[in-house]
There are 2 protein chains.
Amino acid sequence: MTAYQDLEKRFKRLSDIRGAEGVLHWDSATMMPPGGAEARGEQLATLSVIAHQAITDPALEALLDEAEGRAGNLDGWQSANLREMRRAWRHANAVGADLVEALTREGTACEMAWRGARADDDFAALAPKLASLLGLVREKAAAKAAVFGCSAYDALLDAYDPETSSADIDTIFDDVRAFLPGLIAEVIERQAQAPPPLPLDGAITEEAQRALGETMMVQVGFDTNFGRLDVSHHPFTVGVPDDIRITTRYKDGDFTESLMAVLHETGHALYERGLPKDWRGQPVGEARGMTLHESQSLLMEMQASRSDAFLTFAAPVIRKAFGGTGPAWSEDNLRRIYRKVEPGLIRVEADEVTYPAHILLRYDLERAMLADDLQVADLPGAWAEGVKKWLGLDVPDDRDGCMQDIHWYGGDFGYFPTYTLGALAAAQLFAAATGDGPAILSAIGKGDFAPLLAWLRASVHGWGSKLSTQEILIRATGEPLGTAAFTRHIRARYLS
Amino acid sequence: MTAYQDLEKRFKRLSDIRGAEGVLHWDSATMMPPGGAEARGEQLATLSVIAHQAITDPALEALLDEAEGRAGNLDGWQSANLREMRRAWRHANAVGADLVEALTREGTACEMAWRGARADDDFAALAPKLASLLGLVREKAAAKAAVFGCSAYDALLDAYDPETSSADIDTIFDDVRAFLPGLIAEVIERQAQAPPPLPLDGAITEEAQRALGETMMVQVGFDTNFGRLDVSHHPFTVGVPDDIRITTRYKDGDFTESLMAVLHETGHALYERGLPKDWRGQPVGEARGMTLHESQSLLMEMQASRSDAFLTFAAPVIRKAFGGTGPAWSEDNLRRIYRKVEPGLIRVEADEVTYPAHILLRYDLERAMLADDLQVADLPGAWAEGVKKWLGLDVPDDRDGCMQDIHWYGGDFGYFPTYTLGALAAAQLFAAATGDGPAILSAIGKGDFAPLLAWLRASVHGWGSKLSTQEILIRATGEPLGTAAFTRHIRARYLS
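Because the structure is a prediction, the values reported are computed rather than measured.

Here is what the cut-offs are and how they apply
Residues numbered from 1 in each chain as written. Chains lettered and ligands numbered in written order. Predicted model: local features only at pLDDT ≥ 70, side-chain atom pairs only at ≥ 80, totals over all residues. Heavy atoms only, no water. Domains from an automatic or database assignment. Contact = heavy atoms within 4.5 Å. Buried area = accessible area lost by both parts, 1.4 Å probe. Salt bridge = Lys/Arg side-chain N within 4 Å of Asp/Glu carboxyl O. Polar contact = N/O pair within 3.5 Å; in protein donor to acceptor, adjacent residues only side chain to side chain. Helix = DSSP H or I, 4+ residues; strand = E, 2+ residues; numbered from the N terminus. Nonpolar A, V, L, I, M, F, W, Y, C, P; charged D, E, K, R; others polar. Axes fitted to C-alpha atoms, helices over the stretch in contact; angles between N-to-C directions. Parallel < 35°, antiparallel > 145°, perpendicular 65-115°, else oblique. Left-handed = near helix turned anticlockwise from the far one by under 90°. Pairing = 2+ DSSP bridges.

### Observations regarding the domain arrangement of chain A
Residue and element names in this part refer to chain A.
1) Next: Along its sequence, chain A is carved into domain 1 (3-151) and domain 2 (152-496).
2) Next: In this complex, domain 1 contributes 49 residues to the contact, which on the side of domain 2 involves 52 residues.
3) Next: Buried area between domain 1 and domain 2, both sides added, is near 4,200 Å², and the carbon and sulfur share of it is 65%.
4) Next: If you look at where domain 1 meets domain 2, you find six salt bridges.
5) Next: A salt bridge links R87 to D158, with the nearest nitrogen and oxygen atoms 3.8 Å apart.
6) Next: Viewed at the interface, domain 2 and domain 1 are joined by 22 residue pairs in polar contact (both at pLDDT 80 or more).
7) Next: For the side of domain 1 that touches domain 2, the element with the most residues is helix α6 (residues 123-148), which contributes 14 residues.
8) Next: Taken together, the residues of the side of domain 1 that touches domain 2 sort by class into 24 nonpolar, ten polar and 15 charged.

Shown next as structure tokens:
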């Protein structure tokens, strides 16, 4: 067995452990009785210790050195796989076991405290825990920055979106900052000229919503032999390519959120399904990063599923699912419901036009916190200021203010920008796909997503982690990531 | 950290891995989409390699030696825990890693082949795989026998029911062999004097069966904050004490099987729930073995839930669940349905009177196969002969003959006797419980299982693996395991 082959075996084992962790996480969020939480936490902690030991095993480092020394014997995919192994190794080994353990412990404690503090709208009770967790995150960022030779924020970012720097983001976000306020104002002004959408009436039961979600999941190309749809508090996707679990949540009397969550998560699931089969269980066979992952969910949810073509197909299906009749259930009214733009306090409820405002706010604040330019105690004030600036709204409480998202309270800093980078990438990819083949959009109009899926598999999914996010985008769209396709898309959909 | 403390830490980790495996198994049988089977198999194989490496780590052996050398410092529970650690170590280390791997591989292959061969009723196609697997089982048994200083069969038995030997079993089973044919004949003759039970009518939907099952599970004392009920092809119980998953299966139009399966599995679940809290995750905190485990499920299913007292309580609940009216739904008719005795071909469908006949047959055949006195090719003939002898029936095919059970085809030899040992123990424990406190039976008549459960927790569950099966039975009932309580029970229920 060569060093490289030995590494493949070790990383396959790590992938199996992560696959098992995925099932345990899915189960906790969908099936587990409440009393199982403590035992489950211990099982997950043990698996994570085992995985950490495996990747920090000195023998693994020696194998990496040896394999890199003989890299001439490897083909393109193998070389890329070895590079990704080294990247995973570098992330795991940059941080000491004590710090990893402290981060897990304080992250869990802070997240638990967040649940209660959010319910009580009591940021003061949460602040010390966040401050302590932030201190550990800063330590981690500094340790990685020293090894990687980059800034602390970029070191965190690299774990979510490899090879994307805050300089890249700033170039793009400065552009967004410049056009967003005007664009939002224009769209709102245009929509104010028409009466608001009619509210939906009739019996929109959870059962009918689930049936519609399952139908649509299959309609857009997901084979349910390889995954399933369940219910959780927040929608998510987890799993391995042949067994992907997605979730949604049902609001009695309103299907719009549950259906779009299913389409969003199915976008994630289709990316996982389309990853290169020959590289299952290897680092190069994994999804490239969160920007591309989010691009796939948003391409499905925002680009394809809110397109005129799809809504023409979907409107009668939706009417049939709920026995809806009358003008509220017309294609035109459904389109207007799905395209209503309105600044709001809550990120996860935001439309695609105002969404980037939520991200700019969070990006600025998390960078400031990481750089120690913003103290945790001052976060609510800074939040209110940012919401006023970007969304024109007053923040009535911290519950729907700086405590609305779980990310920071679980220790995730550097994740937020990938939502908007993903939205931009989605617009760019969808424009390229429908530009490459006009058949794609007309097929979607008939509920046939196969041509779109074929394009995505060839252009995005099939690369796994062989290329960088930018390389994949350049090959697929002819350009690096930018804002042009997104603004064209918003103007075409909302202002033409 | 002392050697003993280090061992506790290592065994807790092993317990976490097994807990994770339990969730993965449960998920495969209840939730997993079919396409996930291969990836799941790999995840489970990896976890089992990791667990095997942990328990065969030479450092662990050194710790066992050291802790045993200083056993004077340990209290009673700790000493028992150390003893159980050594037992687990001995089982794992008696067999080489190559043989363990071969057993897993051939066991999985043979079990897969069994599914197809059973459907096709093609024993000839399956025989070579069973022969090859049996060869490996024999190797394992011989290796363990050499280390433990016992017979090959006893070495296998010890993994399912520690410290029970085939000599113990023979003493008991010889007794069963002597009384069983006469007892079966007597009961059948008695039942022939009355007309057969009336068949149940009405809409016995799966939904109503599930609702009844969930009600009854709670009624007999299971707290659903710590477990849940789902559907699988064969009913089973798996999990950790604070998160126990049980399953049943629903037959449209007939609730009797699904309800008794729920009560049976709830008996298993209550045992796990009642294990000593202070010893969670340690070997001494586990259930003692399969005989006691089966005694708990059968005590619930056969002793308590088919008792006159319980049926008086349950009959109106059952009628209400299905809207049943008329004589078929009377308490008397329900009792006669649940107590119908009739020799049949299928073990899992057998009543409590004929069940031991199925076990005698399997016990004799598996011992002969292990001793090489019976060749796999001759199994169908020997099976037919045994069924004729013990049940008086002709075997029409191998599907409902020697291919009906999964055990041998997955490599499980030495397991079958625990079913009947469990039935005998159930009778003995229930007699002692209801003899100790007459309040127990009258509470059951009101649907209140709390007094019975309190007795079981104190007498059986709470011991974990501190005492042997025999020690637990002697303390709880005043006698070692025997047949007297069982025959008294059968005579009282069926012949008085």
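### Some words on the packing of helix α9 (residues 206-219) of chain A against helix α12 (residues 308-322) of chain A
For any two helices packed against each other, the geometry is given by the interaxial angle and the distance between the axes.
All names here are of chain A.
1) Next: Where α9 contacts α12, the two axes come as close as 10 Å, and the packing angle between them is 150 degrees. Taken together, the axes of α9 and α12 are roughly antiparallel relative to one another. Note on packing geometry: the crossing formed by α9 with α12 is right-handed. Of the residues in α12, those touching α9 at A208, Q209, L212, M216 and Q219 are F310, F313, A314, V317, I318, A321 and F322.
2) Next: Considered class by class, the residues forming the contact of α9 with α12 number ten nonpolar, two polar and no charged.

### So, the interface of chain B and chain A
1) Next: Between chain B and chain A, the residue contacts involve 34 residues of the former and 35 residues of the latter.
2) Next: Summing both partners gives a buried area of about 2,700 Å² for chain B against chain A, and 60% of it is carried by carbon and sulfur.
3) Next: Counting every contact that joins chain B to chain A gives six salt bridges.
4) Next: Here K12(B) ties to E42(A) by a salt bridge, and the two come within 2.8 Å at their closest N and O atoms.
5) Next: Linking chain B to chain A there are 16 residue pairs in polar contact (both at pLDDT 80 or more).

### Here's the deal with the sheet that holds strand β3 (residues 243-248) of chain A
Residue and element names in this part refer to chain A.
1) Next: Sheet architecture is open: three strands sit in the order β1-β3-β2, paired in mixed fashion. Two strands lie at the open edges of the sheet, namely β1 (227-231) and β2 (237-240), each paired on one side alone. Each adjacent strand pair in this sheet contributes to an overall mean axis angle of 20 degrees, direction not counted.
2) Next: Relative to β3, β1 runs parallel, the two sharing five bridges. Directly across from L229, in β3, lies its bridge partner I246.
3) Next: Packed on one face of the sheet, helix α10 (residues 256-274) meets β1, β2 and β3 and runs near 165 degrees to β3.

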